[in-house]
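Here is how the chains run, residue by residue.
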Amino acid sequence: MRPQRERGQATVEFALIIPLVLLAVLIVIQVGLVAYSQLAVTHLAREVARSLSVDPDADPYLFLDKMPIAETNGLVIEAHFEMGSTGERGLVVVSVTHQSSAIIALFEPFSDHFTARAQAIMLLE
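## Observations concerning the overall build of the protein
Of regular secondary structure, the protein possesses one helix and three strands. Ordering the α and β elements of the protein from the N terminus gives α-β-β-β. By residue count, 27% of the 125 residues in the protein fall in the buried class. A separation of at least 24 residues holds for 58% of the contacts in the protein among residues at least 6 apart in sequence. Surface accessibility of the protein: about 8,700 Å² in total, with carbon and sulfur atoms responsible for 61%.

## Considering the pattern of salt bridges
With the rule as written, the count across this model stands at one salt bridge. Taking the shortest distance from any N to any O, the salt bridge between Glu47 and Arg50 comes out at 3.2 Å. In this pair, Glu47 and Arg50 both sit in helix 1 (residues 9-54), three residues apart, roughly one turn of the helix.

## Remarks on the environment of Val54
With respect to the element layout, Val54 can be found in helix 1. Through-space distance from the C-alpha of Val54 to that of Glu125 is 5.5 Å; in sequence the pair is 71 residues apart.

## Some remarks on the nonpolar core
Core analysis: the largest hydrophobic core is formed by 17 residues, its most contacted members being Leu44, Val48, Leu52, Ile77, Val94 and Val96. Those elements that place two or more of their residues in this core are helix 1, strand 1 (75-82), strand 2 (91-99) and strand 3 (115-123). Broken down by element, this core gets its largest block of residues, six residues, from helix 1.

## Thoughts on a nonpolar patch on the surface
A cluster of nonpolar side chains, namely Val12, Leu16, Ile17, Leu20, Val21, Val25, Ile29, Leu33 and Ile103, defines an oily patch on the protein surface of about 780 Å² accessible area. One can find Val12 in helix 1. When its relative accessible area of 49% is taken as the criterion, Val12 is described as partly exposed.

## Remarks on the side chain of Thr115
Among the structural elements, Thr115 can be located in strand 3. Residue Thr115 is classed as buried on the basis of its relative accessible area of 17%. Engagement of the side chain of Thr115 in a polar contact is seen with the side chain of Gln99, the distance being 2.4 Å.

## A few points about the sheet that holds strand 2
An order of 1-2-3 is seen for the three strands of this open sheet, with the pairing classed as antiparallel. Two strands bound the open sheet, and with one partner strand each, they are strand 1 and strand 3. Direction aside, the axes of adjacent strands within the sheet are offset by 10° on average. Two strands pair when backbone bridges link them, and strand 2 and strand 3 are joined in this way by nine bridges, in the antiparallel orientation. Paired with Val93 across the two strands is Ile121, which belongs to strand 3. Each of strand 1, strand 2 and strand 3 is contacted by helix 1, which is oriented at about 25° to strand 3, the strand it contacts most.

Basis of the calculations
- Residues numbered from 1 in each chain as written.
- Predicted model: local features only at pLDDT ≥ 70, side-chain atom pairs only at ≥ 80, totals over all residues.
- Heavy atoms only, no water.
- Helix = DSSP H or I, 4+ residues; strand = E, 2+ residues; numbered from the N terminus.
- Buried < 20%, exposed > 50% of the residue type's maximum accessible area, 1.4 Å probe, protein only.
- Contact = heavy atoms within 4.5 Å.
- Areas by Shrake-Rupley, 256 points an atom, 1.4 Å probe, with all protein chains shown as cover.
- Salt bridge = Lys/Arg side-chain N within 4 Å of Asp/Glu carboxyl O.
- Core = buried A, V, L, I, M, F, W, Y, C linked by side-chain atoms within 4.5 Å.
- Patch = residues over 30% accessible without salt bridge, like charges linked within 9 Å, V, L, I, M, F, W, Y side chains within 5 Å.
- Polar contact = N/O pair within 3.5 Å; in protein donor to acceptor, adjacent residues only side chain to side chain.
- Pairing = 2+ DSSP bridges.
- Axes fitted to C-alpha atoms, helices over the stretch in contact; angles between N-to-C directions.

Treat this as a map of the structure, not an account of what it does.
The following block contains the structure:
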């Protein structure tokens, strides 16, 4: 049997450690969401550039229903065309920016770092 003074030691240790464990889990989840957002933005930039290289009049925002990005209110798609010199094909340059939100208010001061950016350049066909 344990001495009387060690009876609640495990409970106190658990109470001291659990906030740090929860914070570590939330940080891992936030980093995963930011990485997922970066992959989705890269994929979106490639798809929009490929579409505009074939049909320059296509709407870049038509791909949003196929994209796995849940929140689109922080999403900006910019596309411009650079014409080549005589005899050369032009380029389409697509830039996509997505501002991810923080999962808890504790991460809000760092939310500027949750911006995913991607650029894709393709030859016009």
